[in-house]
Amino acid sequence: MTSSTSLGSQLRHVAESLAREAGDMALLGRKSGPLSATTKSSPIDMVTKFDKASEAMITEGLAKLRPDDAIIGEEGAAKHGTSGITWHIDPIDGTTNFVFDLPMWAVSIGAVDEHGPLAGAVYVPALGEMFSGARTEGASLNGSPISVRDNNDLADALVCTGYSYLISEREVHAKRVADIVMKVRDLRRFGAAAVDICFVACGRLDAYFEEHLHSWDLIAGQVIATEAGAVFSDYVGNPVTPSQVIASTPGVHADLIQLIAASGPDAS
Ligand code: IPD
Ligand code: CA
Ligand code: CA
């Protein structure tokens, strides 16, 4: 790496290489042995030995490559830093899919600086797909530039969502979804938030919305999809936070906010 390479580009490269290493380890491990699955926040929120091994591999890699950065990882990684960069790691996003041997799971690694998401990678090992991006430097899928689908009509939109592991939160969301499914082309639930957001980025979906996410579900996908032309907000049009996420092609964003406001429980 030359000194003229931007920080965003350097961090994108770090995220790509660690996501690939950890994702390939998990893909191989899944085929060869027991998953040792246990549960976390609820009886349906699973964690396997590969979630933990993936996070350990990524944090060890960061300790070597970016020793002064802070880290927040879903499986407990927590480290203070001095560089102003914080990494948000979901070592396996879509663990339920991973356990059931469905291909939609990913390793998601995103870096944030004082201005927000700076660089990230979302690697989907079972599909052989590496999404990555860096702020102001574009987004790519397996090295080719990606952009959102051009669509201004919510009725024509393919929309994706996801559900929390808590049944009380699912109940609220299910009421919203019951209204929304009648007003769009169709709804999908693939089971990995980072992948859903990257699918908006590359035009396979027009929009995605979900609530009660965490930073590790969002950051990498956010920089990738933003660079691909997607717009992010919460359910009422304020800046996105993990607790409420809309990511969409620009032409359907305002209408989706309105539809969410008119659907199910109050979203504000
Ligand atoms: C989950 C997935 C799922 C989403 C949940 C997330 P995990 O992450 O992204 O699609 O609906 O909200 O918690 O637990 O598989 O890392
Ligand atoms: Ca996740
Ligand atoms: Ca996870």
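Rules behind the numbers
The residue numbers shown here count from 1 along each chain, following its written sequence. Written order determines the labels here, with chains lettered from A and ligands numbered from 1. This being a predicted model, a pLDDT of at least 70 is required before a residue's local features are given, and a value of 80 or more before pairs of side-chain atoms are given or counted; all residues contribute to the totals for chains, interfaces and linings. In computing side-chain values, all of the structure's heavy atoms are included and hydrogens and water are not. By the criteria applied, helices consist of DSSP H or I runs no shorter than four residues and strands consist of E runs no shorter than two, each listed in order from the N terminus. The globule rule used here is 2.2 Å times the number of residues to the 0.38 power, and the radius of gyration it is set against is calculated over C-alpha atoms. Working definition: with a 1.4 Å probe on protein chains only, accessible area under 20% of the residue-type maximum means buried, over 50% means exposed, and in between means partly exposed. Contact definition: two residues touch when any of their heavy atoms are within 4.5 Å. We get accessible surface area from the Shrake-Rupley algorithm with a probe of 1.4 Å; when it comes to residues, only the shown protein chains can shield them. Only strands that DSSP links by at least two bridges are regarded as paired with each other. Every angle, taken between N-to-C directions, lies between 0 and 180 degrees, and every axis is a line fitted to C-alpha atoms, over only the stretch in contact when it is a helix. Donor criterion used throughout: N, O or S atom within 2.8 Å of the metal, extended to 3.2 Å for Na, K and Ca. Water excluded; incomplete-looking sites may result. Residues are counted as near a molecule or strand when any one of their heavy atoms sits within 4 Å of it. We call two N or O atoms a polar contact when they sit within 3.5 Å, provided that within protein one can donate a hydrogen and the other can accept it, with sequence-adjacent residues counted only if both atoms are side-chain atoms. The pocket and cavity definitions rest on a 1 Å grid over protein atoms only: a 1.4 Å probe that fits but cannot leave marks a cavity, an open set with protein on both sides within 12 Å along at least five of seven lines marks a pocket, and residues lining either have an atom within 4 Å of a point. In this scheme, a molecule is assigned to a cavity or pocket if more than half of its atoms are within 2 Å of the grid points. Each residue gets one of three labels, nonpolar for Ala, Val, Leu, Ile, Met, Phe, Trp, Tyr, Cys and Pro, charged for Asp, Glu, Lys and Arg, and polar for the others, Gly among them. The domain boundaries here were taken from an automatic or database domain assignment. Once two parts are put together, the accessible area they lose, assessed with a 1.4 Å probe and summed over both, is termed the buried area. Each reported salt bridge corresponds to a side-chain nitrogen of Lys or Arg within 4 Å of a carboxyl oxygen of Asp or Glu.

## Considerations on the overall build of the protein
Across its full length, the protein carries seven helices and 15 strands. Its C-alpha atoms give the protein a radius of gyration of 18 Å, near enough to 18 Å, the size a compact globule of 268 residues would have. Dimensions of the protein along its principal axes, counting C-alpha atoms only, are 50 × 45 × 30 Å. Taken over 268 residues, the protein has a buried fraction of 53%. Sequence-distant contacts in the protein: of pairs separated by 6 or more residues, those separated by 24 or more amount to 61%. Accessible area for the protein stands at about 11,200 Å²; split by element, carbon and sulfur atoms hold 55% of it.

## Some details on unusual backbone geometry
For D101, which is not glycine, the phi torsion reads 60 degrees and is therefore positive. Here D101 lies in the loop between α3 (95-99) and β6 (106-113). Here D101 falls in the exposed class, since its relative accessible area comes to 53%.

## Section: the sheet that holds β6
Spatial ordering of the open sheet is given by β4-β3-β5-β6-β7-β8-β9-β10, a layout of eight strands whose pairing is mixed. Only two strands of the sheet have a single partner each, and these edge strands are β4 (78-79) and β10 (144-145). Summarising the sheet, strand β3 (residues 70-73) and β4 pair through two bridges and their orientation is antiparallel. In the sheet register, I71 faces β4, and the bridge partner there is K79. Lying over the sheet, helix α1 (residues 7-32) contacts β5 (86-93), β6, β7 (116-124), β8 (129-134) and β9 (139-141), oriented at roughly 30 degrees with respect to β7.

## Details of the coordination of the calcium ion (ligand 2)
Listed as protein donors to the calcium ion (ligand 2) are D90 (OD), D93 (OD) and D217 (OD); their distances from the metal cover 2.1 to 2.3 Å. Donor residues for the calcium ion (ligand 2) sit on one chain with the sequence pattern D-x2-D-x123-D. In this structure, the calcium ion (ligand 2) lies 3.9 Å away from the calcium ion (ligand 3), the two metals sharing D90 as a donor.

## Thoughts on the sheet that holds strand β14 (residues 231-233)
Spatial ordering of the open sheet is given by β12-β11-β13-β15-β14, a layout of five strands whose pairing is mixed. Across the chains shown, the open sheet's two edge strands, defined by having one partner strand only, are β12 (186-188) and β14. In this sheet, adjacent strand axes meet at a mean angle of 20 degrees when their direction is disregarded. When strand β13 (residues 207-211) meets strand β15 (residues 244-248), the two strands line up antiparallel, connected through five bridges. Residue A207 lies in a different strand from β15, and its bridge partner there is S248. The strands touched by helix α4 (residues 167-180) are β11 (158-161), β12 and β13; relative to β13, the strand with the most contacts, the crossing angle is about 155 degrees. Across the sheet, helix α5 (residues 193-201) is in contact with β11, β13, β14 and β15; its angle to β13 comes to roughly 155 degrees.

## Re the coordination of the calcium ion (ligand 3)
Each protein donor to the calcium ion (ligand 3) is listed here as E74 (OE), D90 (OD) and I92 (O); together their distances run 2.1 to 2.3 Å. Linear spacing of the donor residues for the calcium ion (ligand 3) on their chain is E-x15-D-x1-I.

## Let's talk about the site of ligand 1
Every one of the 16 residues lining ligand 1 counts as a neighbour, but D93, G94, Y165, A193 and E210 are closest to it. Measuring from an oxygen atom of ligand 1, one finds a side-chain N or O atom of E74 at 3.3 Å. For ligand 1, whose unbound accessible area comes to 380 Å², protein coverage reaches 95%. Among the cavities detected, the one that contains ligand 1 is the largest pocket. Looking at the shell around ligand 1 residue by residue, the class counts come to six nonpolar, four polar and six charged.

## Notes on the domain arrangement of the protein
Along its sequence, the protein is carved into domain 1 (7-145) and domain 2 (154-261). Just the C-alpha atoms count here: the centres of domain 1 and domain 2 sit 20 Å apart. Counting residues at the interface gives 41 residues for domain 1 and 25 residues for domain 2. Each partner contributes to the roughly 2,300 Å² buried at the junction of domain 1 and domain 2, and carbon and sulfur atoms together form 69% of this total. By the criterion of area lost to domain 2, the three top residues of domain 1 are M104, P117 and F131, representing 23% of everything that side buries. Summed over the shared surface of domain 1 and domain 2, the result is one salt bridge. One salt bridge in this structure joins R204 and E129, with 2.8 Å as the shortest N-O distance.

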